[in-house]
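Listed below, chain by chain, are the residues.
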Amino acid sequence: MIDVALFGAGRIGSIHAGNGARQPGVRLHYVVDVDATAAQALARQHGAQVADAERAFGDPAIAAVVIASSTDTHADLILRAAKAKKAIFCEKPVDLSLERARVCAEAVRAAGVPCMIGFQRRYDPTFASLKARIDDGEIGEPEMLVVTSRDPGAPPVDYIRRSGGIFKDMLIHDFDIFRWILADEAVSVYATGSCLTDPAIEGAGDIDATAVTIRTRRGRLAQINTIRRAAYGYDQRFEVIGAKGMLQAGNHRPTEVVLWSSGAITADKPEHFFLERYRAAYAAEMGHFFDVLGGRAKPRTSIDDGVAALALAEAATTSWREKRVIEL
Ligand SMILES: NC(=O)c1ccc[n+]([C@@H]2O[C@H](COP(=O)([O-])OP(=O)(O)OC[C@H]3O[C@@H](n4cnc5c(N)ncnc54)[C@H](O)[C@@H]3O)[C@@H](O)[C@H]2O)c1
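Residues numbered from 1 in each chain as written. Predicted model: local features only at pLDDT ≥ 70, side-chain atom pairs only at ≥ 80, totals over all residues. Heavy atoms only, no water.

Student: I keep staring at the pattern of salt bridges and nothing clicks. Help me out?
Tutor: Counted by the stated rule, this structure contains 25 salt bridges. Here arginine 122 ties to aspartate 176 by a salt bridge, and the two come within 2.7 Å at their closest N and O atoms. Of the two residues, arginine 122 sits in the loop between strand S6 (115–117) and helix H6 (125–135) while aspartate 176 sits in helix H9 (residues 172–182), which places them 54 residues apart along the sequence. Each of the two residues, arginine 122 as well as aspartate 176, counts as buried. When the shortest N-O distance is used, the salt bridge between aspartate 184 and arginine 218 registers 3.6 Å. In this pair, aspartate 184 is assigned in the loop between H9 and strand S8 (186–194) and arginine 218 in the loop between strand S9 (209–216) and strand S10 (221–227), connecting sequence segments 34 residues apart. Several salt bridges converge on common partners, so that one network encompasses Arg122, Asp176, Arg179, Glu185 and Asp305. (Salt bridge = Lys/Arg side-chain N within 4 Å of Asp/Glu carboxyl O. Helix = DSSP H or I, 4+ residues; strand = E, 2+ residues; numbered from the N terminus. Buried < 20%, exposed > 50% of the residue type's maximum accessible area, 1.4 Å probe, protein only.)

Student: Quick question: what am I supposed to make of the nonpolar core here?
Tutor: It is characteristic of soluble globular proteins that their nonpolar side chains tend to be buried jointly. Within the largest apolar cluster, 97 residues are counted, with the highest numbers of intra-cluster contacts made by Phe7, Ile88, Phe167, Phe175 and Ile181. No other element matches the 9 residues that helix H13 (residues 303–322) contributes to this core. Setting aside chain neighbours within four positions, we find isoleucine 88 in contact with Val65, Ile67, Ile78, Ala81, Ala82, Val108, Val113, Pro114, Cys115, Met116 and Phe289. (Core = buried A, V, L, I, M, F, W, Y, C linked by side-chain atoms within 4.5 Å. Contact = heavy atoms within 4.5 Å.)

Student: Explain H9 to me, please; I cannot follow it from the model alone.
Tutor: Side chains that are three or four residues apart share a direction in an α-helix, a result of its 3.6 residues per turn. Judged by how many residues are buried, H9 sits mostly within the fold: 11 of 11 residues are covered. Of all the positions in H9, only Ile172, His173, Asp174, Phe175, Asp176, Ile177, Phe178, Arg179, Trp180, Ile181 and Leu182 are classed as buried. Residue alanine 183 follows H9 closely and has a positive phi angle near 45°.

Spelled out as C-alpha cells, the structure:
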C-alpha cells in the first residue's frame, strides 16, 4: 500500500484526490490545507485524516506527496518532501522564480526521489496519440508546430496579480507542449502581447493575448497564439508539419450530436474548460505517477521539464517587456 499526503484541497487538489484514491494499492492518508474547512471536507470524502505539514512529512508511512496547493507554496513543499525522501507529484509551475525552481531540481536530484510536474496535456489521449504517431514517423521529421491555446474567460484580476503573468501562468503548458512535441530545445524566443479583453488585466501589470515565436537548436519553428477570452469557449489545438504531411489535434466536445437545420449545421462547443477537457489526462497522469512508484513505468516527466518550461516563460516575459528577441 502506498500512503499519500495531499497538499491543497482546492480545485485541482480535489481532482487529484479522486484520481489518486482510485488507484489500486494507493491510500490517501492525509489532506493538508491551511483552509481547515476545505481540508476536512476533502478528507471526509476519501476517508483520510486532516494533518499539518509537519505531521505529513514526519510520518515514515507516507511514501509520496501530491502538491496541489497555491503556487507560492510549491518550492518550499518540494524542498521539504525531498529532504524527507518522499516521492513527489507537484502541480505546475515549480515556482515563479527560475532560480528557486533550479534549487528545487537540485534538491530532488540529491535526494534521488521521483518528482513529476503536472503537465497533464502530455497524458491527454488525443495529444498522446499525436505524439506517438510523430514518433512512429508518420509525418517524417517534425519541422513546424502551431499551437492555439485560448481560454473561455480570464480568472479574477486578484488571481492575475499573483499569477506571475500570462507566460508563467497560462503559456507554461504550451511551452511544455513545444518541448515535448518537437523533442528539441529553444535557441531563440520572441514574444509579443497586448491587453485586448479587459483593461483591468493591464491595470494588474499583465496582458491577455500573446503571440510567441520560437526557433530550436535544429532550426525547427514554433508559433503559439493565446488569448484569455475566446467567445466560443476553451480552444486547444495544434498542428505539426513534417516532410511527409501534417498531424492535427483538436478540441473535444461533450457530445458528437450535430443538428442540420434549414439555417445552419450546429454542434456542441468544445468542452467548457480545463477541468472538463483534461479529465482523462488528469486521471492518466496520476495513474502514471503511481505506476512509476510501483515500478511498473519509468517517469515520463521530471522536475527538469518544469524548470525548462519556466525558463521559456521567463524568456518570453523578458522578450515581451523589452520588445526584443531573447537568445538562449
Ligand atoms: N495542471 C493544471 O491544469 C492546473 C489547473 C489548475 C491549477 N493548477 C495549479 O495547481 C495549484 C492550485 O490551483 P487551484 O486552482 O487548485 O487553486 P485553489 O485556490 O482552488 O486551491 C489551492 C489550495 O491550496 C491551499 N493552500 C494554500 N497554502 C497552503 C499551504 N501552505 N499548505 C497547504 N495548502 C495550502 C489553499 O487554501 C487552497 O485550498 C496552482 O499552483 C495552479 O497553478 C494546475
